[in-house]
There are 2 protein chains.
Amino acid sequence: MKTRIISGLIMAPLLVILVFKGYVLYAGCFVISLMGMYEFYRGFRELEIKPSYPIAVGSVICLYGLGIPLCTGIIEASPWITLWMFATVIACLLYLFKINERKLDDAMVTLTGIFYVGFFCFHMGMLGMNEKFGILVWLAVITAFGTDICAYFAGVTMGKHKLCPVISPKKTWEGAAGGVIGAMILSGLFGYFFEGEIMVHCMIIGFLGSIISMFGDLTASIFKRKMGIKDYGNLIPGHGGILDRFDSVLFTAPVVYYYVELILM
Amino acid sequence: MKTRIISGLIMAPLLVILVFKGYVLYAGCFVISLMGMYEFYRGFRELEIKPSYPIAVGSVICLYGLGIPLCTGIIEASPWITLWMFATVIACLLYLFKINERKLDDAMVTLTGIFYVGFFCFHMGMLGMNEKFGILVWLAVITAFGTDICAYFAGVTMGKHKLCPVISPKKTWEGAAGGVIGAMILSGLFGYFFEGEIMVHCMIIGFLGSIISMFGDLTASIFKRKMGIKDYGNLIPGHGGILDRFDSVLFTAPVVYYYVELILM
């Protein structure tokens, strides 16, 4: 469909914040986390599950607040980030103390939303704060959107064998292969022009990111299917909500982040 | 009830591993994590929720495997522990890919069990590995069991005002106060005899630990109530399962751990 390409273009302005990296991107990720969790939780309304948005907001504020001294090296990550996890789990469990009003699902969806949306997106912000390799934040977007677009064209022209008809009936193995190859080429080109020394690393990231990006896409499909909704929102009329756009980036950002932290640094 | 005291005594042999600290305690916590998660997941059978025990075991093996190089300083915690979180969340989400067989609850309970049981218990093992303050691992147990026993006696003798009748009808404010005071005194005594220099810190830990220990107790009650079971298991005949015994320690151990890491170190 053309809508897929058009909606990609509509998102372009949002990508401008990628150019600024650093605090601009960090703030952007914070806002996207808040909007994403809101959409995620709203999706559960139909299932009569009522997660706590205030707990999620509080937790994500703490996480992003913690991120700044962490990446400037003022505090060490070791106890702080696990303390954040501990406090987040405790907060979600305390939510159950009004036992007659609340279901276990309310707490568990709260927790899942914080980790799946807020924590995953946080990696994007942290990646952009990296002084040496912050530019690779583009790879999180290139692999996600590149896979999507290349898989679409490869699928339309060559698609024969269904990938996972139960979750997403239109996806094919040929499309998936096209997506991976396309993402590798695009990531390699990005590396060639902007970070020549690590071009091969960029292609490896493109390969890994492309695969995980499809899992991100399918995970969002599963959630939406279980919720009984088609789109998470209607932020961009006719093109879904913020989570519909960023479902794959949520998965690719941590992959790029860990690749940078554990292999490139 | 006498059973409360008797079951406390029956657990005494298990406390012996506390004397050894280090790797013995670490291994003990690993086993308790596995048993605890098993009991936790089994409790959901009645609700027809089927969490994935293999994912939980895999995740906890990685966590404890990671803990050893972490606390010996071979690797830095920063990317590794968040990578563990990321991988754990991804594994739970991938569990949903058999979309027709599995419910969202299956994945969310898997995730909750890993964090609530495995990750919380992990703090106890990490605390015991601390060369300088490893002995304070006793405080996690003293505050949990001390609160329980003191609150019981204070409640029986002076209890009048109900604390939270909906969750746990027998608990009273007088009992809670007695529990906190008792835990502070016991922790202070422990400090006086074993770590004289930080006796006041021990009492502060006793105070904080005692309060959170009651939350741990109530959280376990809530889970069991929602599951429709009285006890998690029957490991010690007539005295419940491992989670029934350690529900409070799961909460106190992280408190002692973070107090040591962030204030004493």
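Look up a bit, the structure's there.
These numbers were taken from a predicted model, which means no experiment stands behind them.

(A) Representation of unusual backbone geometry in the model. Of note, A:Lys21 is a non-glycine position whose phi angle comes to about 45°, a positive value. Residue placement: A:Lys21 occurs in the loop between helix H2 (12–20) and helix H3 (22–42).

(B) View of the packing of aromatic side chains. Summed over all chains, the structure comprises 53 aromatic pairs over all chains. Look at A:Phe40 and A:Tyr232: their rings are 6.5 Å apart centre to centre, the planes differ by 45°, and that puts the pair in the tilted class. Here A:Tyr232 lies in the loop between helix H9 (199–227) and helix H10 (242–246) and A:Phe40 lies in helix H3, a separation of 192 residues in the sequence. Neither residue differs from the other here; A:Phe40 and A:Tyr232 are each classed as buried. Taking the centre distance of 5.2 Å and the plane angle of 35° together, the rings of B:Tyr116 and B:Phe223 count as tilted. Of this pair, B:Tyr116 sits in helix H6 (residues 104–128) while B:Phe223 sits in helix H9 (residues 199–227), and the two are 107 residues apart along the sequence. As far as the burial class goes, B:Tyr116 and B:Phe223 line up, both buried.

(C) Representation of the side chain of B:Asp105. Checked against the element boundaries, B:Asp105 lands in helix H6. For the buried B:Asp105, which has no salt bridge, the nearest side chain bearing the opposite charge is B:Lys103, at an N-O separation of 6.3 Å. Those residues within four positions of B:Asp105 in sequence are excluded, and the remaining contacts are A:Asp105, A:Met108 and B:Ile49.

(D) Region of interest: the interface of chain B and chain A. Contact with chain B, which involves 47 residues of that partner, is made by 47 residues of chain A. Summed over both sides, the interface between chain B and chain A buries roughly 4600 Å², with carbon and sulfur atoms accounting for 86% of that surface. The largest contributions to the chain B side of the interface with chain A come from B:Phe86, B:Phe97 and B:Ile99, which together make up 15% of the buried area. Connecting chain B to chain A are zero salt bridges. Counting only elements with at least two residues in the side of chain B that touches chain A, the list comes to helix H5 (77–94), H6, H9 and helix H11 (249–264) of chain B. For the side of chain B that touches chain A, the element with the most residues is H5(B), which contributes 14 residues. Among the residues forming the side of chain B that touches chain A, the class breakdown is 36 nonpolar, five polar and six charged.

(E) Region of the structure containing the pattern of salt bridges. All names here are of chain B. Per the counting criterion, the structure on display carries eight salt bridges over all chains. Of the charged contacts in the structure, one is a salt bridge between lysine 224 and aspartate 244, with a shortest N-O distance of 2.6 Å. Pair noted here: lysine 224 is in helix H9 and aspartate 244 is in helix H10 (residues 242–246), with a separation of 20 residues, a long-range link. Across the pair, aspartate 244 and lysine 224 agree in class, each one buried.

Basis of the calculations
- Residues numbered from 1 in each chain as written.
- Chains lettered and ligands numbered in written order.
- Predicted model: local features only at pLDDT ≥ 70, side-chain atom pairs only at ≥ 80, totals over all residues.
- Heavy atoms only, no water.
- Helix = DSSP H or I, 4+ residues; strand = E, 2+ residues; numbered from the N terminus.
- Phe/Tyr/Trp six-rings, centres within 6.5 Å; stacked < 30°, edge-to-face > 60°.
- Buried < 20%, exposed > 50% of the residue type's maximum accessible area, 1.4 Å probe, protein only.
- Lys, Arg positive; Asp, Glu negative; His and termini not counted.
- Salt bridge = Lys/Arg side-chain N within 4 Å of Asp/Glu carboxyl O.
- Contact = heavy atoms within 4.5 Å.
- Buried area = accessible area lost by both parts, 1.4 Å probe.
- Nonpolar A, V, L, I, M, F, W, Y, C, P; charged D, E, K, R; others polar.

Distances and angles like these do not, on their own, reveal function.
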